[in-house]
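Tertiary structure, described
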Amino acid sequence: QQQQQQQQQQQNRPQQAQANTQRGDAKAFGGPVIQQDMNAWCEEQLRKLSGNDDMTLIHFCMSLDDPAEIRSYLREYLGSTAQVSSFATEFIKRKQSKKGGGGGGGGGGGGGCG
């Protein structure tokens, strides 16, 4: 029963914040702000997949770190199709590349002592 309650809570997470998530309010779930290019790409993909560009699910997925969990939510809310799977793969790739910040610089040389 506890597991069932946890599943119910997880399923309701995106819906609970939907009321206070507006188009520009990506931080409603505590996730990072979505870059403009990522936002535009996601809206375009959502229109193709679901017929609307409600970004609530995307904002929620941006707050998740586990790719399997992201994929699971996208499949649950958008359907279990090849198109959704492709979107999930690309979304995760783009999300991770944004998180990496475009690669870090070198570590710098060790300072000489003495």
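Residues numbered from 1 in each chain as written. Predicted model: local features only at pLDDT ≥ 70, side-chain atom pairs only at ≥ 80, totals over all residues. Heavy atoms only, no water.

1. Re the overall build of the protein chain
As a reminder, the rule being used: Think of it this way: any DSSP run of H or I at least four residues long counts as a helix, any run of E at least two long counts as a strand, and we number them from the N terminus. Accessible area is worked out with a 1.4 Å probe on protein chains only. A residue is then buried under 20% of its type maximum, exposed over 50%, and partly exposed in between. Whether two residues touch is decided by their heavy atoms; if any such pair falls within 4.5 Å, the residues are in contact. With residues, only the protein chains shown are counted as cover, and all accessible areas are computed by Shrake-Rupley using a 1.4 Å probe.
A tally of regular secondary structure across the protein chain gives 5 helices and 0 strands. Element order for the protein chain, N to C, with α for helix and β for strand: α-α-α-α-α. Put simply, the protein chain has 114 residues, and 29% of those count as buried. Within the protein chain, contacts between residues at least 6 apart in sequence are counted, and of these 57% link residues at least 24 apart. Element-wise, carbon and sulfur atoms account for 41% of the exposed surface of the protein chain, whose accessible area totals about 7,500 Å².

2. Concerning the nonpolar core
To keep it simple, the criterion reads: To form a nonpolar core, buried Ala, Val, Leu, Ile, Met, Phe, Trp, Tyr and Cys residues must be joined to one another through side-chain atoms within 4.5 Å.
Counting 21 residues, the largest nonpolar core has Ile-58, Cys-61, Leu-74 and Phe-91 as the members making the most contacts within it. At the level of secondary structure, the elements contributing two or more residues to this core comprise α2 (36–50), α3 (56–62), α4 (67–78) and α5 (82–100). Setting aside residues no more than four positions away along its own chain, Cys-61 makes contact with Ile-70, Tyr-73, Leu-74, Phe-91 and Lys-95.

3. Overview of the packing of aromatic side chains
As a reminder of what qualifies: The rule is short: rings of Phe, Tyr and Trp, with Trp giving its six-membered ring, pair when the centres are within 6.5 Å, and they are stacked under 30 degrees, edge-to-face over 60, tilted in between. Think of it as a cone above the ring: NZ of Lys or CZ of Arg counts as a charge over the ring if it is within 6 Å of the ring centre and within 35 degrees of the ring normal.
Under the definition given, this model contains 4 aromatic pairs. When the centroid spacing of 5.9 Å and the interplanar angle of 40° are considered together, the rings of Phe-87 and Phe-91 count as tilted. Taken together, the positions of Phe-87 and Phe-91, both in helix α5 and 4 residues apart, correspond to about one turn of that helix. Note on accessibility: Phe-87 and Phe-91 belong to one class, buried. Aromatic ring contacts, followed pair by pair, group Trp-41, Phe-87 and Phe-91 into a single cluster. The ring of Trp-41 has Arg-94 sitting right over it, with the charged end atom 4.0 Å from the ring centre.

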